[in-house]
Amino acid sequence: MNKIKGNLITFAMGRNAQVIVHGCNCFNTWGAGLARQMRQQFPDAYAADLATLRGDSAKLGTYSWARCPVPGGSVVVVNAYTQYRYGRDRRHADYDAIGSVFTSIASHFGQYSIAYPMIGAGLAGGEWSIIEPIIDGALSGCDHTLIFQ
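Keep in mind the model is a prediction, meaning the values are calculated, not measured.

Asker: Just to check I follow, could you spell out the pairing of strand β2 (residues 19-24) for this structure?
Answerer: In terms of burial, β2 is a largely internal element, five of the six residues being buried. Of the strand pairs in this sheet, β2 and strand β4 (residues 73-81) are connected by six bridges, and their pairing is parallel. Bridge pairing in β4 places Cys24 opposite Tyr81. Of the pairings in the sheet, the one linking β2 to strand β5 (residues 114-116) comprises two bridges and is parallel in character. Of the residues in β5, the one forming a bridge with Ile20 is Ala115.

Shown next as structure tokens:
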């Protein structure tokens, strides 16, 4: 796992990764944190999420995606369904879902450079010390970069 201090959107806009991943809930809600910024910068990725069934628990551990324009090219934005609900009342990050979705991402996008934030450790309330080895293990052998604040 490479680690770079910065902002995922800025990193993507600079064409520093071919694929970026962010965590989503299963209710198509992108109203806070990085998700809100992603919705504004990458409306096609938001549309890909809206094309999925709102509140469908079967999405947990899967993803939707869209190819989105950036200056001079494009980036694949992966909406990783890493939590069922959202809120600040408790931990919503689902560690099993994080492992499943990153295993799938490695299978489908592993030949590309992949970047992601500290998925599940922000508003979702998960512990990064638990999440980091899950992601690092799932993406073993891939070119992947954590973008942290």
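Asker: For this particular structure, what's the right way to read the layout of surface pockets?
Answerer: Take a probe with the size of a water molecule and roll it over the atoms, and the empty space left behind shows itself. Its boundaries defined by the atoms lining it, the largest pocket holds a volume of some 720 Å³. Surrounding the largest pocket, 29 residues form its lining, Ala32, Gly33, Leu34, Ala35 and Leu123 being those nearest its centre. Mapped by element, the contributors of at least two residues to the lining of the largest pocket are β2, α2 (33-41) and β6 (144-148). Considering every element that reaches the lining of the largest pocket, the biggest residue donor is α2, with four residues.

Asker: Help me out: how do you make sense of the side chain of His144 in this one?
Answerer: Position of His144 among the secondary structure elements: in strand β6. At 2.7 Å, the side chain of His144 forms a polar contact with the side chain of Tyr116.

Asker: Sorry, what's going on with the state of the cysteines here?
Answerer: Here a disulfide denotes one covalent bond, and it connects the sulfur atoms of two cysteines. The final tally for this structure, using the stated rule, is zero disulfides. There is no disulfide at Cys24, and the cysteine sulfur nearest it, in Cys26, is 8.9 Å away. The class for Cys26 is buried, based on a relative accessible area of 0%.

Asker: Got a minute to help me understand the side chain of Asn25 in this structure?
Answerer: Relative to the helices and strands, Asn25 resides in the loop between β2 and α2. Within the structure, the side chain of Asn25 is placed 3.4 Å from the backbone nitrogen of Asn28, a separation counted as a polar contact. Look past the residues within four positions of Asn25 in its chain and what remains in contact with it is Tyr81, Gln83, Tyr84, Arg85 and Tyr86.

What counts, and where the lines are drawn
Each chain has its residues counted from 1, following the order in which its sequence is written. Local features in this predicted model are restricted to residues whose pLDDT is 70 or higher, and side-chain atom pairs enter the listing and the counts only when it is 80 or higher, whereas totals over whole chains, interfaces and linings include all residues. To obtain the side-chain values, all non-hydrogen atoms of the structure were included, while hydrogens and water were left out. Relative accessibility under 20% of the residue-type maximum defines a buried residue, over 50% an exposed one, and the middle range a partly exposed one, all with a 1.4 Å probe and only protein chains included. Strands here are runs of E lasting at least two residues and helices are runs of H or I lasting at least four, both read from the DSSP assignment and numbered beginning at the N terminus. Here, any two strands with at least 2 DSSP bridges between them count as paired. Grid spacing is 1 Å over the protein atoms alone, the probe is 1.4 Å, and a cavity is where that probe fits but cannot get out, while a pocket is an open set with protein on both sides within 12 Å along at least five of seven lines and lining residues have an atom within 4 Å of a point. Grid points are joined across faces, edges and corners, and a volume is the space filled by probe spheres set on the points. Pairing of N or O atoms within 3.5 Å defines a polar contact, subject to two protein rules: one partner must be a possible hydrogen donor and the other a possible acceptor, and residues neighboring in sequence count only if both atoms are side-chain atoms. Cysteine sulfurs are considered disulfide-paired once they come within 2.5 Å of each other. Contact between two residues is taken to exist if any of their heavy atoms lie within 4.5 Å; hydrogens are not considered.

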